[in-house]
Amino acid sequence: MSISSIEDLSNELFYEIFEYLDACKIYYAFSNLNYRFQKLINSSSLLLKLKLDDSKSEKIFMNNYQQILHFNKGQIFSIHLWTSENTNQIISTFTIDSSFNCLESFVFYAIKSNVLISLLPTLTCLPRLFSLTIEIWSNIKDLGNIYRLIFNLPKLKYIKFKAMESSDFNITISLPIATNEQISSIEHLIIEHPCAFDELSAITSYTPHLHHLKFLSLTNRKVNIRRIKPMILPNLTHLSIHIYRKMSFNVFEIFISKLNSKIKVLSLTTIFEDIAYLDANRWENFILTKLPQLEKFYFKYSAYFEENYQTPMYFGQRDQFVSSFWLQRGWILEIEVEDENIIYSIRPYQKRWYEYDTEHKMINTSDQLSKSIRLSLDEVCPEQWTKTIFINDYINHALALTQIYHLEIYAKIFTDKLMEILRLLPGVTTLKIYSLSVLQQGDLSDDEIEFLCILLPKNQIKKICFDHMKNMNEVYMLTLICSRINHLQIKCINYMHAQLLTGLILTEIKNVSNSLLRLLCFSIPEAHDEMIEKLEKMIDDKNLRFDFTIKHVMDTIYLQWK
């Protein structure tokens, strides 16, 4: 059946469209069209999402808002309330009662503490309020009263509590340990404000049914964690901790032992520079003894570089993050230089650009995983901002911990800087680069060319990916390394870019008798079979054909030969 007007669409399709629209917009656009749309809007099958903020015309918004509350209160599924001068009028007249019988989610953005405290008691009458998100705008010294009101909500399963301006690390949470009559139904708790260990212990005494817990260690208040009683959280399987204040590895181990939980997923981010966090053997022993059921591990450790500051160095046994313990679990160490930080991450193995064959299969044998350590550089010239910190300082910090096998550079880099970095990383086998600044062939001195010819045969690079090759003069640099790589991948702007590069590279290959290049890949937006036909015709027209196959998988065109 052909569709000639909007009214030919089915009711089911309109319900799907309405899922993406705010209730006031639905009312404004459809309520006055005809009887059919009025019936659709008032149907109990339609659940409405109501957003109260400054983004709408005040007159239009108020008219539709009042209509929704009068006729469709029982259809409201979620309310997002952004407090401001314009919405304060609404809040002052906002009456919550049990007729909001479908309301499952309430979100408060930028709400002041006194307004929140007045509204929270009214939510206890809601029969289906499962999710509550609070982003409190103003500083408040004690969050204890707010938590008491939250724990009184009888159906709540999810709570996220963020204090948006909590620059005062001395904030407190005055909350007694819960009694049996004060137990909450909350299963997912996200705490994004300063919270000391004793305060966390008090909070979790109200939430013994927790499955997911995320909190910030962001307080200057000193607490002896050994004196804190064990936290009884038998259902806790997902734990996420962000450490922004002092929590040594010793303290972290004691904290985990206090949980008495069967953690399956652990995420830990720390900017507290206790170098013990980089001790792979200690992690292995800790996980085997304290977290034997751990299935996924996400870890980030940031080391900060600053002038006149001695960044802690690792002096333990090298290459311990590639032991059988880590490889069997597929937990891989990665390193990234970002601004003034070097970030060490451990996470479950993920696909890499160089590990696909033309069938788009992932290759991840134990031998390859043992040589999977990757270094990513977002900055290659920190000396332009500082006088005493250089890129080799970051790289040597990483090399003290592990060998590097894969290098990715996300900044434009000049040839001399690339050579400097490669000298420090002789074990690198793959290189992904954003853009290489190479001028005309004559702009490289004879000494630089001679050095490249000495350096490049000694390095182990076999696979190269260009992310942003626009300047065709970069191809000249490829001619210096073409005889040593077997896999070249280039992200192209469009098909014409790929065609031009194909012609240049295949011409160079035919002129180099000892080329080892066997796989040429072009990533092209919306690659398709017609592009392959045109590419093959160009190759034949320029007499560049030899024994290769050409195909495309997803957005990548492959030319492969033996």
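The protein chain appears in an unreviewed UniProt entry as F-box domain-containing protein from Rotaria sordida.

Colleague: Explanation requested: the overall build of the protein chain in the structure shown.
Modeller: When helices and strands are tallied, the protein chain shows 18 helices and 20 strands. Counting every position in the protein chain, which comprises 562 residues, the buried fraction comes to 50%. Just so you have it, the protein chain exposes about 27,600 Å², and 50% of that area is on carbon and sulfur atoms.

Colleague: What should I look at first to understand the pattern of salt bridges in this one?
Modeller: Pairing is possible between side chains of opposite charge, provided their charged atoms come close. Summed over the entire model, instances satisfying the criterion amount to 12 salt bridges. The salt bridge partner of E334 is R352, with a shortest N-O separation of 3.1 Å. You can see E334 sitting in strand β11 (residues 331-338) and its partner R352 sitting in the loop between β12 (341-348) and α12 (366-369), a full 18 residues away along the chain. For the pair shown, E334 and R352 are each scored as buried. A network of salt bridges, in which partner residues are shared, links E334, R347, R352, R374 and E408.

Colleague: Explanation requested: the packing of aromatic side chains in the structure shown.
Modeller: For any two aromatic rings, the description comes down to two numbers: the centre-to-centre distance and the angle of the planes. For the coordinates displayed, the defined rule picks out 35 aromatic pairs. Between F197 and F255, the ring centres sit 5.3 Å apart and the planes meet at 35°, which makes this aromatic pair tilted. Linking F197 in helix α8 (residues 197-204) with F255 in helix α9 (residues 249-259), this pair joins segments that are 58 residues apart in sequence. Assessed through its relative accessible area of 10%, F197 is described here as buried. With a centroid separation of 6.1 Å and 70° between ring planes, the pair formed by W283 and F286 is classed as edge-to-face. Taken together, the residues span about one helical turn, with W283 and F286 both in helix α10 (residues 280-290) at a distance of three residues. When sorted by exposure, W283 lands in the same class as F286, which is buried. Lying across the ring of F37, R36 places its NZ or CZ 5.5 Å from the centre. Over the ring of W331 we find R329, and its NZ or CZ is 5.8 Å from the ring centre.

Colleague: Which parts of the structure should I look at to understand α10?
Modeller: Inspection of α10 places A280, W283, F286 and I287 among the buried residues, and these make up the whole buried set. Each buried residue of α10 sits inside an arc of 125° when the element is viewed along its axis, so together they form one side. Where α10 is buried, its residues meet α9, β9 (265-270), β10 (296-304), α11 (324-329) and β11.

Colleague: Explanation requested: the packing of helix α13 (residues 391-399) against helix α14 (residues 415-424) in the structure shown.
Modeller: Helix-helix packing is characterised by the crossing angle of the two axes and by the distance between the axes. Closest axis-to-axis distance for the α13/α14 pair is 10 Å, and the angle between their directions is 20°. As the angle between them shows, α13 and α14 are arranged roughly parallel. Considering how the two elements wind past one another, α13 and α14 form a crossing that is right-handed. From α13, I391, N392, I395, N396 and L399 reach across to α14, where they touch K417, E420, I421 and L424.

Colleague: Which parts of the structure should I look at to understand the side chain of S31?
Modeller: Note on placement: S31 falls in the loop between α2 (23-30) and α3 (35-41). On the basis of relative accessible area, S31 is assigned to the buried category, the value being 12%. Excluding its chain neighbours within four sequence positions, the residues that come into contact with S31 are I26, Q38 and I41.

Colleague: Looking at this structure, how should I read the environment of R374?
Modeller: Looking at the element boundaries, R374 is found in strand β13 (residues 374-377). Between the C-alpha atom of R374 and that of T430, which follows or precedes it by 56 residues, the distance is 9.3 Å. Contacts of R374, omitting those with residues within four sequence positions, involve L333, E334, I335, R352, H406 and E408.

Colleague: Which parts of the structure should I look at to understand a negative patch on the surface?
Modeller: Judged by side-chain charge, E306, E338, D339 and E340 come together as a negatively charged surface patch. Residue placement: D339 occurs in the loop between β11 and β12.

Colleague: What is the right way to look at unusual backbone geometry in this model?
Modeller: Excluding glycine, residues mostly have negative phi values, and the peptide bonds linking residues are mostly trans. Even without a glycine there, the phi angle at N308 is positive, about 65°. Examined against the element boundaries, N308 turns out to sit in the loop between β10 and α11. Even without a glycine there, the phi angle at M554 is positive, about 55°. When you line up the elements, M554 lands in the loop between β19 (548-553) and β20 (556-561).

Colleague: Mind showing me how you'd approach the packing of helix α17 (residues 495-511) against helix α18 (residues 529-541) here?
Modeller: Put simply, α17 and α18 touch, their axes get as near as 10 Å, and they point 35° apart. Here α17 runs over α18; the crossing is right-handed. Residues Y495, Q499, T502, G503 and L506 of α17 form the contact with α18, whose own contacting residues are M531, K534, L535, M538 and I539. By residue class, the composition of the contact of α17 with α18 is six nonpolar, three polar and one charged.

Colleague: What should I look at first to understand helix α1 (residues 11-18) in this one?
Modeller: Each α-helix turn comprises 3.6 residues. Residues three or four places apart therefore point the same way. Restricting attention to buried positions, one finds in α1 the residues F14, Y15 and F18. Down the axis, α1 shows its buried residues gathered within 105° of arc, on one side only. Tucked into the core, α1 has its buried residues touching α2 and α3.

Colleague: Help me out: how do you make sense of the environment of E192 in this one?
Modeller: Checked against the element boundaries, E192 lands in strand β6 (residues 188-192). The spacing of E192 and I134 is 58 residues in sequence and 9.9 Å in space, taken between C-alpha atoms. In this structure, E192 is in contact with K160, F161, K162, A163, K214 and L216, ignoring residues within four places of it in sequence.

Colleague: Any chance you could explain the pairing of β6 here in plain terms?
Modeller: Put simply, side chains in a regular strand alternate between the two faces of the sheet. For β6, the tally of buried residues reaches four of five residues, placing the bulk of the element in the interior. Sheet topology note: the strand β5 (residues 158-163)/β6 ladder contains five bridges and is parallel. Along β6, the bridge assignment pairs K160 with I190. Here four bridges tie β6 to strand β7 (residues 212-217), and the two strands are oriented parallel to one another. Counterpart to H188 in the pairing with β7 is H212. As a crossover connection, the stretch from β6 through α8 into β7 is right-handed.

Colleague: What is the right way to read the pairing of strand β18 (residues 519-523) from this model?
Modeller: Within β18, five of the five residues are buried, which leaves the element mostly enclosed by the surrounding structure. In β18, alternate side chains face the same way, and those of L519, C521 and S523 on one face and L520 and F522 on the other are all buried. Sheet topology places strand β17 (residues 487-491) next to β18; five bridges connect them, and they run parallel. Looking at the pairing, I490 lines up with F522 of β18. In this fold, the crossover linking β17 to β18 by way of α17 has right-handed handedness. Two strands pair when backbone bridges link them, and β18 and β20 are joined in this way by five bridges, in the antiparallel orientation. Looking at β20, one finds that L520 is bridged to L559.

Cut-off values and rules
- Residues numbered from 1 in each chain as written.
- Predicted model: local features only at pLDDT ≥ 70, side-chain atom pairs only at ≥ 80, totals over all residues.
- Heavy atoms only, no water.
- Helix = DSSP H or I, 4+ residues; strand = E, 2+ residues; numbered from the N terminus.
- Buried < 20%, exposed > 50% of the residue type's maximum accessible area, 1.4 Å probe, protein only.
- Areas by Shrake-Rupley, 256 points an atom, 1.4 Å probe, with all protein chains shown as cover.
- Salt bridge = Lys/Arg side-chain N within 4 Å of Asp/Glu carboxyl O.
- Phe/Tyr/Trp six-rings, centres within 6.5 Å; stacked < 30°, edge-to-face > 60°.
- Lys NZ or Arg CZ within 6 Å of the ring centre and 35° of its normal.
- Arc of directions from axis to C-beta.
- Contact = heavy atoms within 4.5 Å.
- Axes fitted to C-alpha atoms, helices over the stretch in contact; angles between N-to-C directions.
- Parallel < 35°, antiparallel > 145°, perpendicular 65-115°, else oblique.
- Left-handed = near helix turned anticlockwise from the far one by under 90°.
- Patch = residues over 30% accessible without salt bridge, like charges linked within 9 Å, V, L, I, M, F, W, Y side chains within 5 Å.
- Lys, Arg positive; Asp, Glu negative; His and termini not counted.
- Charge placed at Lys NZ, Arg CZ, Asp CG, Glu CD.
- Nonpolar A, V, L, I, M, F, W, Y, C, P; charged D, E, K, R; others polar.
- Pairing = 2+ DSSP bridges.
- Right-handed = clockwise from strand over helix to strand, strands pointing away.

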